[in-house]
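# Breakdown of the fold
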Amino acid sequence: MSPLVDIHTHQPHPSSEGKEVVCLDITELHQTHHGDFDEICHAMEGSGAYVSLGIHPWNAGLDDTAKFMDCLQAVIKNCPNILLIGEAGLDKSRPVDFSLQEEVFRQQVVLSEICRKPMVIHCVRAFDDLLRIRKALHPFQRWIVHGFRGKPQQAEQLLRAGMDISLGERFHPDVPHVVPLDRLWVETDMGKTTISSVYSAIIEALGIHLDLLVDSVYRRFIQLTENCDLSTHTQSSL
Ligand SMILES: [Zn+2]
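In this text the structure is predicted, and so the values were computed from the model without any measurement.

### As for the environment of methionine 44
For methionine 44, the location among the structural elements is in helix α2 (residues 37–46). Classification of methionine 44 by C-beta neighbours within 10 Å gives buried; the count is 21. Once the C-alpha coordinates of methionine 44 and alanine 205 are considered, the two residues, 161 residues apart in sequence, prove to be 36 Å apart. Excluding residues that lie within four positions of it along the chain, methionine 44 makes contacts with Val51, Val75, Cys79 and Asn81.

Next up, the structure:
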């Protein structure tokens, strides 16, 4: 069996041997390292894992977004272990100006297209807006809606629009049935659960053998990492 991939986590697990994508936020890195670009890149590469890097919608209302976007673009250009852009997205449960959230999200979509890296998306109570933006921007890159807890009908809507779905600790038990195996991802996010228990919950819901899901996610993960290794070539267009 292939290794278990965790496509979105905020807590690095050294035992995962790099089969996880650790999510970091450029606004927080910028603050921790006092805006020192070399230090930020050093911290990224020192993490020893693949990384998704972006601006979370909760941080979209900060002053001087342009500074963070410039930094994000520069770090992506220089750090070869960045696999995904995000988490980025929309969240109507938070008191962050929605038009600002949308603007910061759209900028990251453009960046994802330019640097040819897929997106990991955080979306809360804003699926109509997400669909509207996707329709308007026609992105070529894969969009992975992470931590999906909605109903099967909503999952089907996202799938029809071309998005992938990632499931974590909590999900509607009927959702795994409507997501084609080759568009389903698995994550731990902020949860205390292990990645193996999330895989187990999904295969239990589906009634399939663990290998089928694990191999499918791993195959796609390897494809992402191969694109990542080509990044020195594609990033020259940034
Ligand atoms: Zn997250």
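After presenting the structure, the write-up continues.
### What about the sheet that holds strand β8 (residues 184–186)?
The strand order across the open sheet formed by eight strands is β1-β2-β3-β4-β5-β6-β7-β8, and the pairing between neighbours is parallel. Each having just a single partner strand, β1 (6–9) and β8 make up the two edges of the open sheet. Sheet twist, expressed as the average angle between the axes of neighbouring strands with direction ignored, equals 30°. Relative to strand β3 (residues 50–54), strand β2 (residues 20–25) runs parallel, the two being bridged by five bridges. Bridge pairing in β3 places leucine 24 opposite leucine 53.

### Side note on the pairing of strand β5 (residues 119–124)
Burial analysis of β5 places five of its six residues in the buried class, the great majority of the element. Where strand β4 (residues 82–91) meets β5, five bridges bridge the pair, whose relative direction is parallel. In the sheet register, glycine 89 faces β5, and the bridge partner there is histidine 122. Note that the unit made of β4, helix α4 (residues 98–114) and β5 has a crossover that is right-handed. When β5 meets strand β6 (residues 143–145), the two strands line up parallel, connected through three bridges. Bridge pairing in β6 places methionine 119 opposite tryptophan 143. Taken together, β5, helix α5 (residues 127–137) and β6 form a β-α-β motif whose crossover is right-handed.

### Let's talk about the environment of asparagine 227
Structurally, asparagine 227 can be placed in helix α9 (residues 210–229). Considering only alpha carbons, one finds asparagine 227 and lysine 117, 110 residues apart in sequence, at a separation of 7.9 Å.

### Remarks on the packing of α2 against helix α3 (residues 65–78)
Running from amino to carboxyl end, α2 crosses α3 at an angle of 50°, the nearest separation of the two axes being 10 Å. Relative to α3, α2 is oriented oblique. Note on packing geometry: the crossing formed by α2 with α3 is right-handed. In contact with Phe37, Ile40, Cys41 and Met44 of α2, α3 contributes Cys71, Ala74, Val75 and Asn78. Among the residues making up the contact of α2 with α3, the classes are represented as seven nonpolar, one polar and no charged.

The rules behind each value
Residues numbered from 1 in each chain as written. Predicted model: local features only at pLDDT ≥ 70, side-chain atom pairs only at ≥ 80, totals over all residues. Helix = DSSP H or I, 4+ residues; strand = E, 2+ residues; numbered from the N terminus. Buried ≥ 20, exposed ≤ 12 C-beta atoms within 10 Å, placed from the backbone. Contact = placed C-beta atoms within 7 Å. Pairing = 2+ DSSP bridges. Axes fitted to C-alpha atoms, helices over the stretch in contact; angles between N-to-C directions. Right-handed = clockwise from strand over helix to strand, strands pointing away. Parallel < 35°, antiparallel > 145°, perpendicular 65-115°, else oblique. Left-handed = near helix turned anticlockwise from the far one by under 90°. Nonpolar A, V, L, I, M, F, W, Y, C, P; charged D, E, K, R; others polar.

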